[in-house]
Amino acid sequence: MGALYIVDVLPEDGLNNYRCTTRHRYTGETRQSNSARLIVSDPTNAEPAILDGFDHREVKINHRVELPCKASGFPTPKYRWLKDNSPLEPDSRFRQTISGLLIENAQPSDSGTYVCEVWNSYGNAEVMGHLYVKQPLKAVVSPRKVKGSVGSKVSLSCSMSGSDEYELSWYRNGEIIYPGNNVRFTGLNRENLIIEGMTKSDGGAYQCFARKGKMSAQDFVQVILEDGTPKILSSFSEKVMNPNEPLFLVCNVKGTPPPRCSWSLDDDPVIKDAHHHLGHFETHEGHVVSQLNVTHTQVQDGGLYRCTCSNSAGVVYHQARINVRGACQISSSKNNNTQTVCLFVFVCSEGMNAVVRN
């Protein structure tokens, strides 16, 4: 839509015929309107009357927009603009024209309610409308690197900018994802995707797709499923200890998600106390190191030590016997099996010890 405004009208402006010509942007086809004449009369005192205004305008960020505000009246009306009930701040991007307010390089902060006040000595009028500066939709899926394992839980989040109102869908390998037994969405717009108990078929490209009107945005991440079954990388071996020697056992294990480890002696759990110290930490490679430290070992500390590590993908264990020299001891395990532990030491040639367990 176009409009012709004539400022400081003269009598001779009424002698002309006026036409509007349009030209198609792509085909170049032109069309011309019917002619019109301007009737010029002597001015009479009159309050302002709005000729052109607006209720709502939308513009893309960094584009130009004009907010129309034109009134007739005599004496010639004056104009003042307000934004959100405050006088418009001076800005080189804003310019008052004969037809309204021109805004160059529109920014999101320019969105708001605009009022054009018009007045002369005989009255006043106003135009009120809302301007919305549209930003392009942008979607970002996080985390950017996702590694899981069969049976693990994966959570993805899609952060949106550019609008608070949009429709959001999730896709896996191009197929839309629906909520189910192990799939659920959270958030006002289903921006969070949670999958529990991952299966082999759940690996692949996960895409967040958002729409609002003619605008759309998407982002995706690759979810890689690894064999997350725990695997022991290094451990301890059978050994013979002297009484009061410190015992230090280590299990180094990897898995996804990181495994949790526990210790047992002859099938009874090792409890942390002043005599037994348990420690766990994760290396920068993601491996789990589980440690058992026994201070001042005694005969009753001898037996079959087992390190058991498990996660949602499986379980693994390592065991080895630790022998402590000393007199026979009778011990019982949690299954009430009684054992007699005897460690005999014989003197061989050149002072070497030989150990026999019974």
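Since the model is a prediction, treat every value here as computed from it, not as a measurement. (Residues numbered from 1 in each chain as written. Predicted model: local features only at pLDDT ≥ 70, side-chain atom pairs only at ≥ 80, totals over all residues. Heavy atoms only, no water.)

1. Let's talk about the overall build of the chain
Summing up its helical and strand segments, the chain has zero helices and 36 strands in all. For 358 residues, the compact-globule formula gives about 21 Å, and the C-alpha radius of gyration of the chain, at 41 Å, lies well above that figure. Based on the C-alpha atoms only, the size of the chain along its principal axes is roughly 135 × 45 × 40 Å. Out of the 358 residues belonging to the chain, those deemed buried represent 33%. In the chain, 57% of the contacts between residues at least 6 apart in sequence involve partners at least 24 apart. (Helix = DSSP H or I, 4+ residues; strand = E, 2+ residues; numbered from the N terminus. Rg over C-alpha atoms; globule rule 2.2 N^0.38 Å. Buried < 20%, exposed > 50% of the residue type's maximum accessible area, 1.4 Å probe, protein only. Contact = heavy atoms within 4.5 Å.)

2. Brief notes about the state of the cysteines
Tallied over the entire structure, the rule returns three disulfides. The partner cysteine of Cys69 in its disulfide is Cys116, sulfur to sulfur 2.0 Å. On the sign convention where negative means left-handed, the S-S torsion of about -75° between Cys69 and Cys116 marks this disulfide as left-handed. Of this pair, Cys69 sits in the loop between β7 (65–68) and β8 (70–74) while Cys116 sits in strand β13 (residues 112–120), and the two are 47 residues apart along the sequence. Across the pair, exposure class does not vary: Cys69 and Cys116 are buried alike. In this model Cys158 forms its disulfide with Cys208; the gap between the sulfur atoms is 1.9 Å. Disulfide Cys158 to Cys208: torsion about the S-S bond roughly -70°, handedness left-handed. With Cys158 in strand β17 (residues 154–161) and Cys208 in strand β22 (residues 204–212), this pair connects stretches of sequence that are 50 residues apart. (Disulfide = S-S within 2.5 Å.)

3. Thoughts on the environment of Gly112
Tracing the backbone through its elements, the reader meets Gly112 in strand β13. A residue is classified by how much of its surface remains accessible, and Gly112, at 6% relative accessible area, is buried. Here Gly112 is in contact with Asp84, Gly129, His130 and Leu131, once residues within four sequence places are set aside.

4. Comments concerning a nonpolar patch on the surface
Among the surface-exposed residues, Leu4, Ile6, Val9 and Val40 lie close enough to one another that they form a single nonpolar patch of about 330 Å² accessible area. Inspection of the secondary structure puts Leu4 in the segment before β1 (17–18). Assessed through its relative accessible area of 62%, Leu4 is described here as exposed. (Patch = residues over 30% accessible without salt bridge, like charges linked within 9 Å, V, L, I, M, F, W, Y side chains within 5 Å. Areas by Shrake-Rupley, 256 points an atom, 1.4 Å probe, with all protein chains shown as cover. Salt bridge = Lys/Arg side-chain N within 4 Å of Asp/Glu carboxyl O.)

5. Section: the side chain of Ser163
Tracing the backbone shows Ser163 in the loop between β17 and β18 (167–172). Among the polar contacts made by the side chain of Ser163, one reaches the main-chain carbonyl oxygen of Glu165 at a distance of 2.9 Å. Here the side chain of Ser163 touches Lys212 through a polar contact of 3.1 Å, side chain to side chain. In contact with Ser163, other than residues within four places in its own chain, are Tyr132, Leu137 and Lys212. (Polar contact = N/O pair within 3.5 Å; in protein donor to acceptor, adjacent residues only side chain to side chain.)

6. Focus: the pairing of strand β9 (residues 78–83)
As judged from the six bridges shared by β9 and β13, these two strands associate in the antiparallel manner. Each residue of the ladder has a partner; that of Leu82, found in β13, is Val115. In this structure, β9 lies alongside strand β10 (residues 86–87), joined through two bridges in antiparallel fashion. Bridge pairing in β10 links Leu82 to Pro87. (Pairing = 2+ DSSP bridges.)

7. So, the pattern of salt bridges
A complete count under the given rule lists eleven salt bridges for this structure. Arg93 is paired through a salt bridge with Asp91; the nearest N and O atoms lie 3.4 Å apart. With a closest N to O distance of 2.8 Å, Asp110 and Arg93 form a salt bridge. With Asp110 in the loop between β12 (100–103) and β13 and Arg93 in the loop between β10 and β11 (94–96), the pair connects residues that are 17 residues apart, well separated along the chain. Residue Asp110 is classed as buried on the basis of its relative accessible area of 4%.

8. Some remarks on the pairing of strand β26 (residues 247–254)
Pairing analysis gives three bridges linking strand β24 (residues 231–234) to β26, with the strands arranged antiparallel. Bridge pairing in β26 places Ser234 opposite Asn252. As paired elements, β26 and strand β30 (residues 288–294) share seven bridges and run antiparallel to each other. The residue of β30 that forms the bridge with Leu247 is Val294.

9. Details of the packing of aromatic side chains
For any pair of aromatic rings, geometry is given as the distance between the ring centres together with the angle between the planes. Applying the stated criterion across every chain yields a total of one aromatic pair. For Arg306, the ring lying beneath its charged end belongs to Tyr317, and the centroid distance is 5.0 Å. (Phe/Tyr/Trp six-rings, centres within 6.5 Å; stacked < 30°, edge-to-face > 60°. Lys NZ or Arg CZ within 6 Å of the ring centre and 35° of its normal.)

10. Quick notes on the UniProt feature "domain: Ig-like" (unreviewed entry) in the chain
Residues annotated in UniProt with the feature "domain: Ig-like" (unreviewed entry) correspond here to residues 48–128, 136–224 and 230–323. For the annotated span residues 48–128, helix accounts for 0% and strand for 60% of the residues, and the straight-line distance between the end C-alpha atoms is 15 Å. Between the C-alpha atoms that bound residues 230–323 the distance is 28 Å, and the span itself is 0% helix and 60% strand. (UniProt positions renumbered as here; feature names shortened; annotations may be inferred.)

11. Description of the sheet that holds strand β19 (residues 175–176)
Taken in spatial order, the five strands of this open sheet run β16-β23-β22-β18-β19, and their pairing is mixed. Strand pairing shows two members of the sheet lacking a second neighbour, β16 (146–149) and β19, which therefore form its edges. Examined bridge by bridge, β18 and β22 share six bridges and lie antiparallel to one another. Considered in β22, the bridge of Trp170 is made with Cys208.

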